[in-house]
Amino acid sequence: MIPDYLISINPSIVATEDVDCLIIGSGIAGLRAAIELAGFRVLVTCKNDPYDSSTYHAQGGIAAAIAHGDSPESHFKDTMVAGCFVNDADAVKILVEEGIHRVKELISWGCRFDKNESDFDFTHEAAHSFSRILHARGDATGKEIVHTLLSKISSIPEIVLKGKFFLIDLAGVDNKITGGIFYDATFDNIVFVRAKKTIIASGGFGQIFQETTNPFSITGDLQAAAFRKGAVLGDMEFYQFHPTTFYMAGAPRFLISESVRGEGGILINSSGERFMKHYHPDMELAPRDVVSRAIVAEMRRTNSNCVYLDLRKLNSDFIKHRFPKIYSFCLEYGIDITKDLIPVRPAAHYAMGGILTDFYGRTNLENLFACGEVACTGVHGANRLASNSLLEGLVFGARAGKIAREQLGSFKGSVFNLPSYKVIQQQGPLIDIYDLQRSIKSLMWKNVGIERDETSLTDALNRLETWGKYIFQREFNIQSGWEVQNMFIVSFVMTVAAMKRKESRGAHFRKDFPEPDDRNWKKRQTFTKYNFYKGIK
Ligand code: SIN
């Protein structure tokens, strides 16, 4: 039985727009999909603006086997090993092979990746057996990519981009999606965007955690909306924690790119000891989950709230040139990274799980596609290989756009009814939304974070159940209220998924089942609202 609080929210539409394709999200996947749809009326929406995506903030780079001596086979192998062999091997093959063409295409559109005297300046990141990471503007790769894609889009007149457009709910009945109902913050209106095809490319859900590298807008809104409509969510227990984010009270949890370690930065604890040798032969370049857990263990052992990145052995001009963004950010907080240690600790970074799709972004709901971090093709398995996420957005964004375009060519039945939707006054018990948000974030961080066990997960489920009873009794008419409902749904599904997987694999670490269990668990989990409580106590 589905608890009432997992059923659709129901608040009057004051405006309607008709498009061929609605794309929700303006990161790499959404923008790349849009380009494929040139010639059709396309609306790309984002919650804030196109510079507020995880893509825009991406530092490290984009992985592709284009360096001399590298091969897609080697990239394939590294991706499978990082994903602990629960990746979908066909999805990985598509990623590493098509990725090469998509990256070269991006370069032909004007994307300027950094070069040395002879070639691209490929860098190294954890768990890659080859230096195959392209980066731009030093450590501002995402910014260069977004500028390239936006400039390409500006030459396609049918594509319209709208910011401050928050999706309240997907529209549609009987498994057929007909667009979305939005809150337009600019005009304080509710708008129904009627669309023949809808592509979700809204990113992950890092904001369900207290500590995260994700922008504030990344609250899992579309994973939750799709789930409410009956979409399948997969791999939800697999969430990647980045080992090194800047840690200083009051400062944002700014990412200190893995490429800092790739270029020779080392990790030391509060006693000044280089500790990674005790945890993994690859030391600082061990897989992310290993480094994150090692940092947590060292913080616990030394009773400290962070460890430190030490770049003091690197040439200071090199540091300023290679990592200009990180250098200037840290300097604002009084840390000169050419001389001072950088206080760091792990934070929630990337969702391997999301809306289940095939290799063209098709979901189980008619006319609904998903691509990029919001989607789950299975390409990452239990742990994403560093710098594969921008590549995923590019490859699967293009594929989703292409198939949507093909389907639009033969689309029949363009008349949809307006969904019933009324503006309502807030009803139900009084709720301090921000307190609730903080509570969910703190609970998820402590109980469903880097380390989990039966006790922490049971406690999380019990508390979420209690909160859910009043969160969903209330009809909200403000964005933060809808967001908290979405955060709740994603947190709940993730906790259930983590509870069920009684083993450790990749980013999912159970203290009570610390080893992988291939016999029972070399497989993936999926959830829909229809089977949600099956098999769960
Ligand atoms: C980083 O620069 O460390 C992040 C890159 C990624 O998450 O792939």
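Let us look at unusual backbone geometry. Look at Ala127: it is not a glycine, yet its phi comes out positive at around 70°. Examined against the element boundaries, Ala127 turns out to sit in the loop between helix H4 (89-108) and strand S4 (133-134). A residue is classified by how much of its surface remains accessible, and Ala127, at 31% relative accessible area, is partly exposed. Within the chain, Arg137 stands out as a residue other than glycine whose phi angle is a positive 50°. For Arg137, the location among the structural elements is in the loop between S4 and helix H5 (141-153). Judged by its relative accessible area of 34%, Arg137 falls in the partly exposed class.

This next bit is on the sheet that holds strand S9 (residues 233-234). Reading across from one edge, S16-S14-S9-S17 is the order of the four strands in this open sheet, with mixed pairing throughout. Each edge of the sheet is formed by a strand with only one pairing partner; in this case those strands are strand S16 (375-376) and strand S17 (526-527). As paired elements, S9 and S17 share two bridges and run antiparallel to each other. Across the sheet, residue Leu233 finds its bridge partner in S17, namely Phe527.

Among the residues of helix H3 (residues 72-82), Ser74, His75, Asp78, Thr79, Met80 and Ala82 are the ones counted as buried. Cys84 lies just past H3 and shows a positive phi near 55°.

A few words on empty space enclosed by the protein. Quantified by volume, the largest cavity comes out at close to 60 Å³. Ala82, Ala126, Ala127, Gln240, Glu258, Pro287, Arg288, Asn383, Arg384, Leu385 and Ala386 are the residues that line the largest cavity. Tallied by class, residues from the lining of the largest cavity come to six nonpolar, two polar and three charged. Taken as a whole, the second largest cavity encloses approximately 40 Å³ of empty space. Lining of the second largest cavity is provided by Tyr239, Phe241, Asp289, Ser292, Arg293, Ile450 and Ala507. Elements with a contribution of two residues or more to the lining of the second largest cavity: strand S10 (239-246) and helix H8 (288-301). Ranked by residue count, the leading element in the lining of the second largest cavity is H8, at three residues.

Taking strand neighbours across the sheet as the criterion, the four strands line up as S10-S13-S12-S11 in an open arrangement whose pairing is antiparallel. The outermost strands of the open sheet, each flanked by one partner alone, are S10 and strand S11 (266-268). Pairs of neighbouring strands in the sheet enclose a mean axial angle of 45°, with direction left out of account. The pairing of strand S12 (residues 307-310) with strand S13 (residues 342-351) spans three bridges and is antiparallel. When the sheet's bridge partners are listed, Leu309 is paired in S13 with Ile342.

Let us look at the packing of aromatic side chains. Counting across every chain of the model gives 17 aromatic pairs. With centroids separated by 6.2 Å and ring planes inclined at 75°, the aromatic side chains of Phe120 and Phe122 adopt a geometry described as edge-to-face. We classify Phe122 as buried; its relative accessible area is 15%. Measuring from ring centre to ring centre gives 5.5 Å for Phe488 and Phe492, while their planes differ by 45°; the resulting arrangement is tilted. On the criterion of helical spacing, the pair formed by Phe488 and Phe492 is a turn pair, its members being four residues apart in helix H14 (residues 479-500). The burial state of Phe488 is the same as that of Phe492; both residues are buried. Looking at Arg384, its charged tip hangs above the ring of Tyr350, at a distance of 4.1 Å from the centre.

Criteria and thresholds
- Residues numbered from 1 in each chain as written.
- Predicted model: local features only at pLDDT ≥ 70, side-chain atom pairs only at ≥ 80, totals over all residues.
- Heavy atoms only, no water.
- Helix = DSSP H or I, 4+ residues; strand = E, 2+ residues; numbered from the N terminus.
- Buried < 20%, exposed > 50% of the residue type's maximum accessible area, 1.4 Å probe, protein only.
- Pairing = 2+ DSSP bridges.
- 1 Å grid on protein atoms, 1.4 Å probe; cavity = no way out; pocket = protein on both sides within 12 Å on 5 of 7 lines; lining within 4 Å.
- Points joined across faces, edges and corners; volume = space filled by probe spheres on them.
- Nonpolar A, V, L, I, M, F, W, Y, C, P; charged D, E, K, R; others polar.
- Axes fitted to C-alpha atoms, helices over the stretch in contact; angles between N-to-C directions.
- Phe/Tyr/Trp six-rings, centres within 6.5 Å; stacked < 30°, edge-to-face > 60°.
- Lys NZ or Arg CZ within 6 Å of the ring centre and 35° of its normal.

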